[in-house]
Amino acid sequence: MTADRPSDSTVIVDPSQTESVEDLREEISRLRTQLREAQKLMSVGVLTSSITHEFNNILMTIINYGRMGLRHRDDATREKAFDRILTAGQRAARITTGMLSLVRGNTTRQEPTRLVTLIDDVLILMEKDLTNHRVTIEKRCDGDPWAELNASQIQQVLLNLMINARQAMDGGGRLFLGVGTDADGEQATIEVRDTGCGIPPETLARIFEPFYTTKTADDRGQGGTGLGLSLCRDIMHAHGGGIRAESKPGEGTRFLLRLPAVPAPEGLRTTSALPE
Ligand SMILES: Nc1ncnc2c1ncn2[C@@H]1O[C@H](COP(=O)(O)OP(=O)(O)O)[C@@H](O)[C@H]1O
Ligand SMILES: [Mg+2]
């Protein structure tokens, strides 16, 4: 069989391209995953400096109490030294476990997760960065809600919101994190509220658009991709949940996340992989 030779003006349809809609869908989905991964690593990059400093502090504590324990032979001093070393070591372990679970989590598997634990795991990573920028943290839990979710992805959403909040509070402020359920108990909610610069209405209408940003990258290349909130929205939709924002310019901004609530699995107190 010989193919017709097309004239100059003919549009050639390559038979292999007839599958192209499917191929393109797959390609888009692959690129989305890559983008999410890249964005996650950027958030991790923002935290690297504060976490490295925190580690240094922990090591100094361990070294100093180790020395103290060796120098003083009495039980009380040694017990105190061991106690401080253990606490410091456990804190370091929580930080590395949290970081690894965030970075490694590249599946999309969702499972019942305790929101209070999820927030605490993110705070472990974010705490130092916030206090370094003179941001105080307030946390409130109304009940003990669980939701069906992918922990790494929702942590990524929370990191994005908290980094945005910190960037909006130049000179310090307060970050409020709230966990609860809506009136009929169907939806679990997470609130992230700041006392930052706020968002004027014309900007608020656009913040979830991909590539929309009001920031210029700082000297460490942070901020200004405009991808954070659009990825947050994608992740929340993939969970059958949602995200919305309210803001008062000059006073602050509030983001509210909704996730389908699930009952706590029987006999299971927590899904956190962190050491006790
Ligand atoms: N907590 C906040 N306070 C004030 N403005 C915010 C806050 N969160 C997001 N924004 C606005 O939304 C825009 C888009 O945010 P985002 O998608 O995370 O991109 P980026 O952080 O790279 O600018 C920001 O540039 C900023 O103008
Ligand atoms: Mg951002």
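Note that the coordinates shown come from a computational prediction; the quantities given were computed from them, not determined experimentally. (Residues numbered from 1 in each chain as written. Chains lettered and ligands numbered in written order. Predicted model: local features only at pLDDT ≥ 70, side-chain atom pairs only at ≥ 80, totals over all residues.)

Colleague: Help me understand the site of ligand 1, please; the structure alone is not making it clear to me.
Modeller: Within the structure, ligand 1 sits among 23 residues, and Asn164, Ala168, Thr213, Gly228 and Leu229 are positioned closest to it. Listing elements by their share of the shell around ligand 1, those giving two or more residues are helix H4 (151–168) and helix H6 (228–238). The element contributing the most residues to the shell around ligand 1 is H4, with four residues. In terms of residue class, the shell around ligand 1 is made up of eight nonpolar, 13 polar and two charged. (Near = placed C-beta within 6 Å. Helix = DSSP H or I, 4+ residues; strand = E, 2+ residues; numbered from the N terminus. Nonpolar A, V, L, I, M, F, W, Y, C, P; charged D, E, K, R; others polar.)

Colleague: It is not clear to me how the packing of helix H1 (residues 20–71) against H4 should be interpreted in this structure. Could you clarify?
Modeller: Helices that pack against each other are described as a pair by the angle of their axes relative to one another and the distance between those axes. Axis separation between H1 and H4 bottoms out at 10 Å; the angle between their running directions is 50°. Considered as vectors, H1 and H4 are oriented oblique to each other. Relative to H4, the crossing made by H1 is left-handed. Contacts between H1 and H4 involve Lys40, Ser43 and Val46 on the former and, on the latter, Gln156, Leu159, Asn160 and Ile163. (Axes fitted to C-alpha atoms, helices over the stretch in contact; angles between N-to-C directions. Parallel < 35°, antiparallel > 145°, perpendicular 65-115°, else oblique. Left-handed = near helix turned anticlockwise from the far one by under 90°. Contact = placed C-beta atoms within 7 Å.)

Colleague: Just checking my understanding: could you explain the confidence of the model for the protein for this structure?
Modeller: One rule of thumb: low pLDDT means the predicted coordinates there are not for detailed reading. In this model, the protein carries a mean pLDDT of 88, and residues with pLDDT of at least 70 account for 87%. With pLDDT under 50 throughout, residues 271–276 is counted as low confidence; its partners more than four residues away or in other chains account for 14 contacts. (pLDDT = per-residue confidence, 0-100.)

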